[in-house]
Amino acid sequence: MTGRFRDRRLPSVHLPFTAVALVALSGFLRVAMQHWREGATLLGGAFLLAAVLRAVVPPEQAGLLAIRSRAVDLLLYTGMGLLIVFVAVTIKGGPLAT
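Structural notes, computed from the coordinates.

1. What to know about the environment of S26
Structurally, the position occupied by S26 is in helix 1 (residues 15-32). Polar side-chain contacts of S26 include one of 2.6 Å to the backbone oxygen of V23.

Written as structure tokens, this is what we have:
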């Protein structure tokens, strides 16, 4: 078999973004199932995962995670992730309230 159908594996450049997208998708699913706090925490975790992957993956392998310079991406991904997790954990009420 020749042509574009010979190798159907996902290129390695898409793996970091795929990992972040799967965590974000699981967060959206938890929100849709009325577990908004757990879902929001997962969404914040997806941003934090994006920051970690952006820090350790070389620029040519970062794929869609590399939007700006590495420093700006790290600052924005980390800041947004921490902010979302902070808001999700500190709001009173919901399924994690004791």
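2. Description of the nonpolar core
In this structure, V20, A24, L43, A46, A50, A51, L53, V57, A62, L65 and Y77 together form the largest nonpolar core, which totals eleven residues. Every element with two or more residues in this core is listed here: helix 1 and helix 2 (36-56). Among the elements that make up this core, the one with the highest residue count is helix 2 (five residues). Those residues in contact with L53 that sit more than four places away from it in its chain are P16, A19, V20 and L65.

3. Focus on helix 1
For helix 1, which comprises 18 residues, the first-to-last C-alpha distance of 25 Å matches the rise-based estimate of 26 Å (1.5 Å per residue) to within 8%. Of all the residues in helix 1, the buried ones are P16, V20, A24 and G27. Taken down its axis, helix 1 places every buried residue within 50° of arc, on the same side. In helix 1, the exposed positions angled more than 90 degrees off the buried face are occupied by L22 and A32. Looking one or two residues beyond helix 1, the residue adopting positive phi is Q34, at roughly 70°.

4. Some thoughts on the pattern of salt bridges
In the structure shown here, the tally under the stated rule is three salt bridges. Close ionic contact of R54 with D73 constitutes a salt bridge, the shortest N to O distance being 2.8 Å. Remark: D73 occurs in helix 3 (residues 70-90) and R54 occurs in helix 2; sequence separation between them is 19 residues. By relative accessible area, R54 is classed as buried at 4%. Here D73 makes a salt bridge to R68, at a shortest N to O gap of 2.8 Å. Residue D73 is classed as buried on the basis of its relative accessible area of 0%. Assessed through its relative accessible area of 40%, R68 is described here as partly exposed. Residues joined by salt bridges that share partners form a network here, namely R54, R68 and D73.

So, how was this worked out
Residues numbered from 1 in each chain as written. Predicted model: local features only at pLDDT ≥ 70, side-chain atom pairs only at ≥ 80, totals over all residues. Heavy atoms only, no water. Helix = DSSP H or I, 4+ residues; strand = E, 2+ residues; numbered from the N terminus. Polar contact = N/O pair within 3.5 Å; in protein donor to acceptor, adjacent residues only side chain to side chain. Core = buried A, V, L, I, M, F, W, Y, C linked by side-chain atoms within 4.5 Å. Buried < 20%, exposed > 50% of the residue type's maximum accessible area, 1.4 Å probe, protein only. Contact = heavy atoms within 4.5 Å. Expected span 1.5 Å × (residues − 1). Arc of directions from axis to C-beta. Salt bridge = Lys/Arg side-chain N within 4 Å of Asp/Glu carboxyl O.

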